Amino acid sequence: AMTLYRDQKGQFHFSTVDFPSNLLDKLGPKLLEMFQMQDGLQDAFFVHELRGTKGGSHHDPSNAEARRAALNTVFHFFNMSLVKPEDWVVDIGLEIQHEGHILQWLTKGHRHLLHFLLPSSTEGKIDSILASQTQYHRDLSAQLEDLGGFRAHPGSRGKEDEVYYINAYTTDKCATYQLHDGIFKRRQAWHLFPASIGKFIKDLERMAEIFRFCGHSPNVGGHEGNARLEIRVPFHLADQALLHMPNRVIQDTLVTFDCKLFWYFKYYRMAALYHVVKNLQNANRATRLQHESLKLGALVTYQINALIYRPAEGQAEKILLEASCQHI
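In this numbering scheme, every chain counts its residues from 1 along its sequence in written order. Totals for whole chains, interfaces and linings use all residues, but because this is a predicted model, local features are given only for residues with pLDDT of at least 70 and pairs of side-chain atoms are given and counted only at 80 or more. Calculation of side-chain values draws on the structure's entire complement of heavy atoms; hydrogens and water are dropped beforehand.

**Student:** Please clarify how the environment of Tyr274 should be interpreted in this entry.
**Tutor:** Secondary structure follows DSSP: runs of H or I at least 4 residues long count as helices, runs of E at least 2 residues long count as strands, and numbering of each begins at the N terminus. When you line up the elements, Tyr274 lands in helix 8 (residues 259–282). Throughout this description, buried means an accessible area under 20% of the type-specific maximum (1.4 Å probe, protein chains only), exposed means over 50%, and partly exposed covers the range between. Accessibility expressed as a relative area gives 16% for Tyr274, which makes it buried. Separated by 66 residues in sequence, Tyr274 and Ala208 place their C-alpha atoms 8.7 Å apart. What Tyr274 contacts, discounting residues up to four positions off in sequence, is Ile201, Leu204 and Glu205. In what follows, a contact means two residues having at least one pair of non-hydrogen atoms within 4.5 Å.

This is the structure:
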């Protein structure tokens, strides 16, 4: 936890704390009163930002009363007489868990998921979404072509089913997710320069250790990872959408791994990349300046990032991959 919250300079960045909405009327006057006591803040003002809380409206989707209660919980501090439902959209999430395991979406199951979520869409519309560079984005897991979620903006192709956005992802990323520049930040090839490679190597050691710990964490058999499926729909469908997911869809779109197997795969992969970087550090100046060494450094940086985030897909990355991959 300390590693996740600390940035590269050692400063801590703690997550936000929810403030009860029923106490806002007491917070405002007290905060303004304290402003008056500080030079330069006498005329200060502030605004409220309403943000959601992950899991804050957890409920059983098969229970109509539970769905309505969860929706009421989210909107209980709104004056509904002033809300125009036609102007609102709601994100609905369905989370799937296998105790003691890591769940991953199958890339070959993306088509099946789209058919499930957009039942009115023809095969041609699904083909168009999957072929679109603006409506469909695949998020591979650790560069494994078979595993990964996706994001989709079906646009007019989702109009009939009133689905504006789709996101299929997994929660194992919580072990490495940081909003600030910590050890899990995206790396650049210049981090392999002599002045910074030593710090880079220490960060790789800590990252590998976190992966190893996740395989043996106090949880049931290790740090679990669930699969989440989210869709954005109009307000009037908030308690009617994504009520269940048939077993056949689950079987065709998800795969499960033992926690230790999944995290140790990442651990050993990171260890291998660590040794490549370590060898680059130990190489003499002439060897480091060879084109092959420079290209190897760029590729290993890409692979380290892809082990933590979705692989980058910019033009530079495409050129790098084409130059590095074996051609048979």
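**Student:** Is there a simple way to explain unusual backbone geometry in this structure?
**Tutor:** Most peptide bonds take the trans configuration, and most residues that are not glycine carry a negative phi. Even without being glycine, Glu162 reaches a positive phi, approximately 60°. Within the secondary structure layout, Glu162 lies in the loop between strand 4 (144–152) and strand 5 (165–170). The class for Glu162 is partly exposed, based on a relative accessible area of 27%. We note that Leu242 has phi near 50°; this positive angle belongs to a residue other than glycine. Inspection of the secondary structure puts Leu242 in the loop between strand 6 (227–234) and helix 7 (247–253). Judged by its relative accessible area of 10%, Leu242 falls in the buried class.

**Student:** Help me understand helix 4 (residues 110–117), please; the structure alone is not making it clear to me.
**Tutor:** Note: α-helices contain 3.6 residues per turn, so residues at a spacing of three or four share the same orientation. Within helix 4, the full set of buried residues consists of His110, Leu113, Leu114, Phe116 and Leu117. Along the axis of helix 4, the buried residues cluster in a sector spanning 160°; they form a single face. This arc is built from the directions going out from the helix axis to the C-beta atoms.

**Student:** Can you help me understand the sheet that holds strand 5 in this one?
**Tutor:** Strands pair in a sheet through their backbones, by hydrogen bonds, and they do so in one of two ways: parallel or antiparallel. At least two DSSP bridges between two strands are required for those strands to pair. Taken in spatial order, the 5 strands make up an open sheet running 1-6-5-4-3, and their pairing is antiparallel. Lying at the two open borders of the sheet, with one neighbouring strand each, are strand 1 (89–96) and strand 3 (136–141). For this sheet the average axis-to-axis angle between neighbouring strands, irrespective of direction, equals 25°. Bridging between strand 1 and strand 6 involves 8 bridges; their strand directions are antiparallel. Paired with Ile92 across the bridge in strand 6 is Ile231. Helix axes are fitted to C-alpha atoms over the stretch in contact, other axes to C-alpha atoms as well, and angles between N-to-C directions run from 0 to 180 degrees.

**Student:** Explain the nonpolar core to me, please; I cannot follow it from the model alone.
**Tutor:** Across soluble globular proteins, you tend to see nonpolar side chains buried next to one another. Grouping buried Ala, Val, Leu, Ile, Met, Phe, Trp, Tyr and Cys residues that are joined through side-chain atoms within 4.5 Å yields what is termed a nonpolar core. Core analysis: the largest hydrophobic core is formed by 33 residues, its most contacted members being Ile166, Leu229, Ile231 and Met245. Within the residue set of this core, elements represented by two or more residues are helix 3 (64–75), strand 1, strand 2 (101–105), helix 4, helix 5 (123–131), strand 4, strand 5 and strand 6. Setting aside residues no more than four positions away along its own chain, Met245 makes contact with Leu94, Ile96, Trp105, Leu113, Phe116, Leu229, Ile250 and Thr253. Formed by 27 residues, the second largest nonpolar core is a distinct cluster that contains Ile197, Phe200, Met270 and Leu307.

**Student:** It is not clear to me how the packing of aromatic side chains should be interpreted in this structure. Could you clarify?
**Tutor:** Between two aromatic rings, the relevant description is the distance of the centres plus the angle of the planes. Two aromatic rings, drawn from Phe, Tyr or Trp (for Trp, its six-membered ring), form a pair once their centres lie within 6.5 Å of each other, and the interplanar angle then sorts them: stacked below 30 degrees, edge-to-face above 60, tilted otherwise. All chains considered together, the criterion is met by 10 aromatic pairs. Ring geometry for Phe75 and Trp88: centres 5.6 Å apart, planes at 65°, overall edge-to-face. Residue Phe75 is located in helix 3, and its partner Trp88 is located in the loop between helix 3 and strand 1; the two are separated by 13 residues in the primary sequence. Since its relative accessible area comes to 10%, Phe75 is described here as buried. Judged by relative accessible area, Trp88 falls into the partly exposed class, the value being 29%. Ring-pair connections join several aromatic residues into one group, and the members of that group are Phe184, Phe211, Phe257, Phe262 and Trp263. Taking NZ or CZ as reference, Lys260 lies 5.8 Å from the ring centre of Tyr264, over its face. We count a charge as sitting over a ring when the NZ of a lysine or the CZ of an arginine lies within 6 Å of the ring centre and within 35 degrees of the ring normal.

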